[in-house]
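Overview (structure and organization)
So the chains spell out like this:
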Amino acid sequence: MTTKKGVVVERSNDGAIILLPTGEYRKINTRQYLEVGELYEVSSGGPLKYVAVAVIILALIIGSIDYYSLQAYANLTSGLELGVNRWGRVISVQAKNTEGQRIIDTVQVQNNKLEVAVEKITHQVLKKEQNSQDSIRHSLNVVAKDKNNQKIEEKMLKEMEKGLGKATPTKPEDSSDSRTINNEIQPEGKNDSSGNDKQVFKSDKSESNQHATQPKDEKAKLHEKKAKLHEKEQK
Amino acid sequence: MRSNAALELNNSLNQLWEDYRAGDPVALDHIFEKLMPFCLRVCAKTCGRYIQENDDEASIARLAVVEAMDKYDPDKATLPVFIGQIIRNRIIDFKRKERKQGIIPFSLLSRDTSRFGQEVDDHFYEEILDDIARRQEIDKLKGLLQAFQITFEELVTLSPRQQKTRQSAQQIAQIIAGNELLSGFLLKKKVLPLKELEENWLVNRKVADRYRKFIIATVLIYLFDFPYLIDYVLPLKGGQENDN
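Everything numeric here is computed off the predicted structure, so don't read it as measured data. (Residues numbered from 1 in each chain as written. Chains lettered and ligands numbered in written order. Predicted model: local features only at pLDDT ≥ 70, side-chain atom pairs only at ≥ 80, totals over all residues. Heavy atoms only, no water.)

Structural notes on the environment of Ile152 of chain A
All names here are of chain A. Along the polypeptide, Ile152 turns up in helix α5 (residues 150-167). A relative accessible area of 8% means that Ile152 is categorised as buried. Residues Ile152 and Gln71 lie 81 residues apart in sequence; the distance between their C-alpha atoms is 8.0 Å. In contact with Ile152, other than residues within four places in its own chain, are Gln71, Arg86 and Ala144. (Helix = DSSP H or I, 4+ residues; strand = E, 2+ residues; numbered from the N terminus. Buried < 20%, exposed > 50% of the residue type's maximum accessible area, 1.4 Å probe, protein only. Contact = heavy atoms within 4.5 Å.)

Structural notes on the interface of chain A and chain B
Taken together, the contact between chain A and chain B spans 26 residues of the former and 30 residues of the latter. For the pair chain A and chain B, the summed buried area comes to about 2,600 Å², and 57% of that belongs to carbon and sulfur atoms. Together, Pro21, Tyr25 and Tyr33 of chain A form the three largest contributors to the area buried by chain A at its contact with chain B, with a combined 28%. Summed over the shared surface of chain A and chain B, the number is seven salt bridges. Note that Glu24 of chain A is salt-bridged to Arg166 of chain B, the shortest N-O span being 3.7 Å. Our count for the contact surface shared by chain A and chain B stands at nine residue pairs in polar contact (both at pLDDT 80 or more). No other element matches the nine residues that strand β1 (residues 3-11) of chain A contributes to the side of chain A that touches chain B. When grouped by side-chain class, the residues that make up the side of chain A that touches chain B number twelve nonpolar, five polar and nine charged. (Buried area = accessible area lost by both parts, 1.4 Å probe. Salt bridge = Lys/Arg side-chain N within 4 Å of Asp/Glu carboxyl O. Polar contact = N/O pair within 3.5 Å; in protein donor to acceptor, adjacent residues only side chain to side chain. Nonpolar A, V, L, I, M, F, W, Y, C, P; charged D, E, K, R; others polar.)

Brief notes about the pairing of strand β3 (residues 25-29) of chain A
All names here are of chain A. Looking at chain direction, strand β2 (residues 15-19) and β3 are connected through five bridges and run antiparallel. Within β3, the residue paired with Ala16 across the bridge is Ile28. Hairpin connection from β2 to β3: five residues lie between these consecutive antiparallel strands, with Gly23 at a positive phi of about 95°. (Pairing = 2+ DSSP bridges.)

Quick look at the packing of aromatic side chains
Taken as a whole, this structure holds seven aromatic pairs over all chains when the rule is applied. Pairing Tyr25 of chain A with Phe152 of chain B gives two aromatic rings, centres 6.2 Å apart and planes at 35°, and the pair type is tilted. With Tyr25 of chain A in strand β3 and Phe152 of chain B in helix α7 (residues 152-158), the pair connects residues from two separate chains. Residue Tyr25 of chain A shares its accessibility class with Phe152 of chain B, and that shared class is buried. Summarising the aromatic geometry, the rings of Tyr67 of chain A and Trp87 of chain A are spaced 6.2 Å apart at their centres and angled 25° between planes, so their arrangement reads as stacked. You can see Tyr67 of chain A sitting in helix α1 (residues 46-67) and its partner Trp87 of chain A sitting in the loop between β6 (80-84) and β7 (90-95), a full 20 residues away along the chain. Every member of this aromatic cluster is reached through a ring pair, and the members are Tyr25 of chain A together with Phe152 and Phe214 of chain B. Cation over ring: Arg11 of chain A sits above Tyr50 of chain B, and NZ or CZ is 3.8 Å from the ring centre. (Phe/Tyr/Trp six-rings, centres within 6.5 Å; stacked < 30°, edge-to-face > 60°. Lys NZ or Arg CZ within 6 Å of the ring centre and 35° of its normal.)

So, the sheet that holds strand β5 (residues 72-76) of chain A
All names here are of chain A. Pairing within the open sheet is antiparallel, and its four strands lie in the order β7-β6-β5-β8. Every other strand in the sheet has two partners, leaving β7 and β8 (141-144) as the edge strands with one partner each. Going from strand to strand, the sheet's axes swing by 20° on average, the running direction of each strand aside. Judged from the five bridges that link them, β5 and β6 form a sheet pairing that is antiparallel. Bridge pairing in β6 links Tyr73 to Gly83. With respect to the sheet, helix α2 (residues 98-106) is in contact with β6 and β7, its orientation differing from that of β7 by roughly 140°. (Axes fitted to C-alpha atoms, helices over the stretch in contact; angles between N-to-C directions.)

Things to note about the pairing of β2 of chain A
Residues and elements named next belong to chain A. The buried fraction of β2 amounts to five of the five residues, a majority that puts the element mostly inside the structure. Residues Gly15, Ile17 and Leu19 point to one face of β2 and Ala16 and Ile18 to the other, with burial holding for every one of them. Bridging between β1 and β2 involves four bridges; their strand directions are antiparallel. Across the sheet, Val8 pairs through a bridge with Ile18, a residue of β2. Adjacent in sequence and paired antiparallel, β1 and β2 are bridged by three residues.

Some details on the pattern of salt bridges
A full pass over the atoms with the stated rule returns 25 salt bridges over all chains. A salt bridge links Arg90 of chain B to Asp93 of chain B; its shortest N-O distance comes to 3.3 Å. Here Arg90 of chain B pairs with Asp93 of chain B, and both are found in helix α4 (residues 79-101), just three residues apart, close to one helical turn. The exposure class of Asp93 of chain B is partly exposed, given its relative accessible area of 38%. A salt bridge links Arg205 of chain B to Glu198 of chain B; the nearest nitrogen and oxygen atoms lie 3.1 Å apart. Sharing partners across several salt bridges, the network here consists of Glu35 and Glu38 of chain A together with Arg41, Lys45, Asp131, Arg134, Arg135 and Asp139 of chain B.

With respect to unusual backbone geometry
Phi at Asn111 of chain A is positive, roughly 65°, even though this residue is not glycine. Residue class for Asn111 of chain A comes out partly exposed when judged on its relative accessible area of 32%. Despite not being glycine, Leu202 of chain B has its phi angle at roughly 50°, a positive value. Within the secondary structure layout, Leu202 of chain B lies in the loop between α10 (194-200) and α11 (205-210). Judged by its relative accessible area of 76%, Leu202 of chain B is exposed.

Some remarks on helix α2 (residues 27-47) of chain B
Residues and elements named next belong to chain B. Taking 1.5 Å as the rise per residue, α2 with 21 residues should run 30 Å; its terminal C-alpha atoms sit 29 Å apart, in good agreement. Approximately 55° is the largest bend angle found in α2, and it occurs at Leu35, with the proline Pro37 only one to four residues beyond. Most of α2 sits inside the fold, with 15 of its 21 residues counted as buried. Just past α2, the residue Gly48 takes up positive phi, approximately 80°. (Expected span 1.5 Å × (residues − 1). Bend = angle between axes of the 7 residues up to and from the residue.)

Comments concerning the packing of α2 of chain B against helix α3 (residues 56-71) of chain B
Residue and element names in this part refer to chain B. Here α2 crosses α3 at 125°, and the two axes come no closer than 9 Å. Comparing their axes, α3 and α2 come out oblique. You can see that α2 and α3 cross each other, and the crossing is right-handed. Of α3, the residues touching α2 (which contributes Leu28, Ile31, Phe32, Leu35, Met36, Cys39, Leu40, Cys43 and Cys47) are Glu57, Ala58, Ala61, Arg62, Val65, Val66 and Met69. By residue class, the composition of the contact of α2 with α3 is 14 nonpolar, no polar and two charged. (Parallel < 35°, antiparallel > 145°, perpendicular 65-115°, else oblique. Left-handed = near helix turned anticlockwise from the far one by under 90°.)

Below you can see the structure in the form of structure tokens.
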């Protein structure tokens, strides 16, 4: 807040009139002892600046509270549980076993995007265990704090898969695998798409069964026809 | 600016002090005449309240002036500063004595008495001299404004709020003050030469008419000798030089 030194041009019992350096005449209320001709410091900006500062502080407080409020838990391999906020940032890391603790000690993922965090952790895991790629994929799981918030689960899963994809370059033959991972990592009854996939898969099977059963029916029909002709001949 | 008032007073007081030391009986009266506003200000600043000539503090100040005249040494300090120091010390002594005796005026009960323990430098007395010089200018301006039926109270409500508008009003005032015909018209007729300004100076009539009282007050500060106040009403320097 800037202060200006004005000169007192008139005084009364409850205040004074000040001529400010900008040429403005302003009335001030003060009980302070003032005499005409004396210099008086007037603070410009007034309450509006206080309000602005208060709003900024409030916004910062609300923002930081919101930032550190957990929206979902992302479970990874090695017993790692990442707490994620609404912006997909990792705000807490918890190890469920010694292996997880070892990873936490070596990799810093706090405040990273979930995608980046998953990538870093996967890199770290793959360094030590060569064949753990599938195990990581199978153990990916997201649980929203609010059980009805399925959108965040889907969003986080996508990000985790992206991170995993960056850490482990996918091979063309793996495409079918990823679909199965997608099915497996969904919590039960939470992802409709997995159900649809299964249905599609099931319907494919039934079609292939149909194709397989078709020649059998024809053979039976031929058998029946042959039997009928044989009966007729005997007659 | 600060040194002007102090120097002027110092020179005249030195002359009077020499006369007093030479035994001139009238010199002390002249000194009182010149110094009384300063003495009352020092008393007021020391006590933190308004002091009038018939207050006890004013009598103490008079005695302090006589004491200062006898003890003054030109090599040690300037006369106004020395007188100011003596007055301040005597007032503080008086207040302490009052407190010891239990004679505490009601006015003092609610006030901050810690001021008596505070030390002040020479700057303090020079500022008081500046305040007095500024007051003289303001009193003179007030008298001039009365002729135009303008009060400071009115100027509060009639001052342009926007800085841009204020600047253009101040520029109009500068035009008037810089032109003898326009300023002569204003001083004679007590109104702004709006037609002239609009036709010859392409001044915005709306601004000139709406803020005429503010413009007149500013013109008067430009026209008459107000070295302290002029810095406050200059369109470009105003708000920059005196911000500290």
